[in-house]
Amino acid sequence: MNITLTVNGRVHRLDVEPRRALGDVLREDCGLTGTHLGCEQGVCGSCTVVVDGRAVRSCLLLAVQCDGCSVRTVEGLAGRDGEPHPLQRAFSAEHALQCGFCTPGFLMLAVAALESDPAIADDPERLRELLTSNLCRCTGYEPIRRAIMRAAGRP
Amino acid sequence: MKPAAFDYIVPGTVGEAVGALAEAGERARILAGGQSLILEMRCRRCLPELVVDINRVQGLDQLRVEDGGLQVGALVRHRAFESPRVAPGPLGRLLSRTVVNIAHPPIRALGTMAGSLAWAHPAAEWGAVAVGLDADIELRGRAGTRTVAAHDYFHGPHRTECRPQEMITSVRLPLLDDTVGVAFVEHRRTRAGFAQVAVAVALTVLDGVITQAFIGLANAADRPVRAQVAELSLIGAEIGSSFSDPVIFGSALSDGHPFGHAARIAAEGDADPCAQPYADVEYQRQVVAVLVGRALCQAASDRQAHAGHDGSAGEWR
């Protein structure tokens, strides 16, 4: 089936089987391997990308469902000059990653939350609830929480 | 694992969707949010030959208040219920307290209330609310539309009144007036797990006396159930004086208190729990009793906190 995906501002015209998940198509057809597929059953959140402004699991979404949609992946965060996104700089500064497998998912989860709902940085309970969406097995969640607060400009 | 191959269509209208279902029947599946369906297809426990993606059907994403009810279209996502302003009064509070128990934000961005009812997992939160409030579920097939009350809708795990040739087009939840206090209480083993038991309560209290009670239970049987015997035991109960006792908020809710009594009835009479790998039937009953007791306390407290909003209820204590 022929679909069009706009990924990080670039238009991709693709011919995909309906059974293929968005995450697999981003990695294999678009060559964007920054999105990590972990559990492939919606639990770990490593594959989180932003589709039309909302963070979603790219393992539980068929690529054909996204025909005509705008997708953002971790590759789209840095500026054109390669300057990391403020959230990426904050993850580095707060040591919010170690092995890095979960990091693209956490970055996309956080960027969508901060852009659509900046007040979440002022609500510790909601931010904590947001961070239960994804799994991290190295640093734990506290440095990730601090990085998001730092990127949001909170002391 | 990856899903097996299937044909995929994207109807533009409900008519086209049910037309496809009429021909494919049990070989087809409706795709709305897909947060359960795609997982099951990945595990190859669900092998549809045709997937009917209704996400582009116009009008199914509507959410509106009309004729004393909240009409929820088949494409309304879980996240729409995160604000208590989704519906006026106690219903909005109940829905917003329920939805935070459903998975987490990225799943709630896609999953739908109607899809949850269609999937009919016994532990699903919306099942407890739909049965507790006796929602109406609108089913559409090529032959026409029929409305099924939630108490007739669920037949068992993943089995419902909805025929393979039909789809849910909307769910209607009754509005609750300001004399009603609401609560939703859930226990699960981990933050990401399914409900071990969940309880939805709507309690009408006038002058400290319970005049009506709705109690919906999830994962307390092979399908969501309404605790009707427990509800009956509460009618006429006076909670005005004893409710101020803080001890009833803890596990010390005694059988002598109307809430403790109702909780025990719900657990022993209304619930029909199935043994789980990590909890036998007796333990599940105990969880039901504790959670129903907590939910009733919270509903009474909610009623008290919002007393006087309609002018007439006033200080019911």
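The rules behind the values
Residues numbered from 1 in each chain as written. Chains lettered and ligands numbered in written order. Predicted model: local features only at pLDDT ≥ 70, side-chain atom pairs only at ≥ 80, totals over all residues. Helix = DSSP H or I, 4+ residues; strand = E, 2+ residues; numbered from the N terminus. Buried ≥ 20, exposed ≤ 12 C-beta atoms within 10 Å, placed from the backbone. Pairing = 2+ DSSP bridges. Axes fitted to C-alpha atoms, helices over the stretch in contact; angles between N-to-C directions. Contact = placed C-beta atoms within 7 Å. pLDDT = per-residue confidence, 0-100. Nonpolar A, V, L, I, M, F, W, Y, C, P; charged D, E, K, R; others polar. Parallel < 35°, antiparallel > 145°, perpendicular 65-115°, else oblique. Left-handed = near helix turned anticlockwise from the far one by under 90°. Arc of directions from axis to C-beta.

K.L.:
Requested: an account of the overall build of chain B, with residues and values cited.
P.N.:
When helices and strands are tallied, chain B shows 10 helices and 14 strands. Judged by the C-alpha coordinates and their principal axes, chain B covers about 60 × 45 × 35 Å. Looking at chain B residue by residue over its 317 residues, the buried ones come to 52%.

K.L.:
Can you lay out the sheet that holds strand 3 (residues 50-53) of chain B for me, pointing to particular residues and giving the numbers?
P.N.:
Residue and element names in this part refer to chain B. The strand order across the open sheet formed by 3 strands is 1-3-2, and the pairing between neighbours is parallel. In this open sheet, the two edge strands, each paired with only one partner strand, are strand 1 (7-9) and strand 2 (28-31). Along the sheet, successive strands turn relative to each other by an average axial angle of 25°, direction set aside. Here helix 1 (residues 14-24) sits on the sheet in contact with strand 1, strand 2 and strand 3, set at roughly 165° to strand 3.

K.L.:
Describe the sheet that holds strand 4 (residues 54-57) of chain A, and please don't skip the residues or the numbers.
P.N.:
In sheet architecture, strand pairing relies on hydrogen bonds along the backbone and comes in two forms, parallel and antiparallel. Residues and elements named next belong to chain A. What the 5 strands build is an open sheet, ordered 2-1-5-3-4; its pairing is mixed. Of all strands in the sheet, those with a lone pairing partner are strand 2 (10-15) and strand 4, marking the two edges. Pairs of neighbouring strands in the sheet enclose a mean axial angle of 40°, with direction left out of account. Across 4 bridges, the pairing between strand 3 (residues 48-51) and strand 4 is antiparallel. Paired with Thr48 across the bridge in strand 4 is Arg57. In this fold helix 3 (residues 103-116) packs onto strand 3, strand 4 and strand 5 (70-72), with an angle of close to 35° to the strand it touches most, strand 3.

K.L.:
Would you mind going over the pairing of strand 3 of chain A in detail, with residue names and values included?
P.N.:
All names here are of chain A. Taking every second residue as pointing to the same face, both faces of strand 3 are buried, with Thr48 and Val50 on one and Val49 and Val51 on the other. The turn linking strand 3 back onto strand 4 is made up of 2 residues, and Asp52 within it adopts a positive phi angle of 50°. Sheet topology places strand 3 next to strand 5; 2 bridges connect them, and they run antiparallel. Within strand 5, the position partnered with Val51 by the bridge is Val71.

K.L.:
How would you summarise the confidence of the model for chain B if you had to cite specific residues and measurements?
P.N.:
All names here are of chain B. On average, chain B scores 93 in pLDDT, and the residues at 70 or more come to 93%. Scored below 50 in pLDDT, residues 244-248 shows 5 contacts in the model against residues more than four places distant or in partner chains. Note that pLDDT drops below 50 for residues 310-317; the model gives that stretch 18 contacts with residues more than four away or on any other chain. If you check the scores for this complex, the pTM reads 0.94 and the ipTM reads 0.95.

K.L.:
Go over the interface of chain B and chain A with me, naming the residues and quoting the values.
P.N.:
Facing 22 residues of chain B, the contacting portion of chain A comprises 23 residues. Within the side of chain B that touches chain A, the residues separate by chemical class into 14 nonpolar, 4 polar and 4 charged.

K.L.:
Give a detailed account of the packing of helix 2 (residues 86-93) of chain A against helix 5 (residues 142-151) of chain A, specifying residues and quantitative values.
P.N.:
In a pair of packed helices, the angle between the axes and the distance between the axes together describe the arrangement. Residue and element names in this part refer to chain A. Helix 5 packs onto helix 2 with a crossing angle of 135° between their chain directions and a minimal axis gap of 8 Å. On the basis of the axis angle, helix 2 is oblique to helix 5. Crossing of helix 2 over helix 5 shows right-handed handedness. Contact residues: Pro86, Leu87, Ala90, Phe91 and Ala93 in helix 2; Ala147, Arg150 and Ala151 in helix 5. Each residue belonging to the contact of helix 2 with helix 5 can be placed in one class, and the counts come to 7 nonpolar, no polar and 1 charged.

K.L.:
I'd like a description of helix 1 of chain B, backed by residues and values.
P.N.:
Residues and elements named next belong to chain B. Burial in helix 1 covers these residues: Ala17, Val18, Ala20 and Leu21. The buried side chains of helix 1 occupy one side of the element, clustering within an arc of 155° when seen end-on. Across from the buried face of helix 1, at angles greater than 90 degrees, the exposed residues are Gly15 and Glu23. Here the buried face of helix 1 lies against strand 1, strand 2, strand 3, strand 6 (136-141) and strand 10 (167-174). The first or second residue beyond helix 1 is Gly25, which carries a positive phi of 55°.

K.L.:
An account of the environment of B:Ala74 is needed here, citing residue identities and associated values.
P.N.:
Residue and element names in this part refer to chain B. Along the polypeptide, Ala74 turns up in the loop between strand 5 (69-73) and helix 3 (89-99). On the neighbour-count criterion, Ala74 (28 C-beta atoms within 10 Å) is buried. The spatial distance from the C-alpha of Ala74 to the C-alpha of Ala17 is 13 Å, given a sequence separation of 57 residues. Residues in contact with Ala74, not counting those within four places in the same chain, are Ala32, Ile54, Leu60, Thr112, Ala114, Ile168, Thr169 and Ser170.

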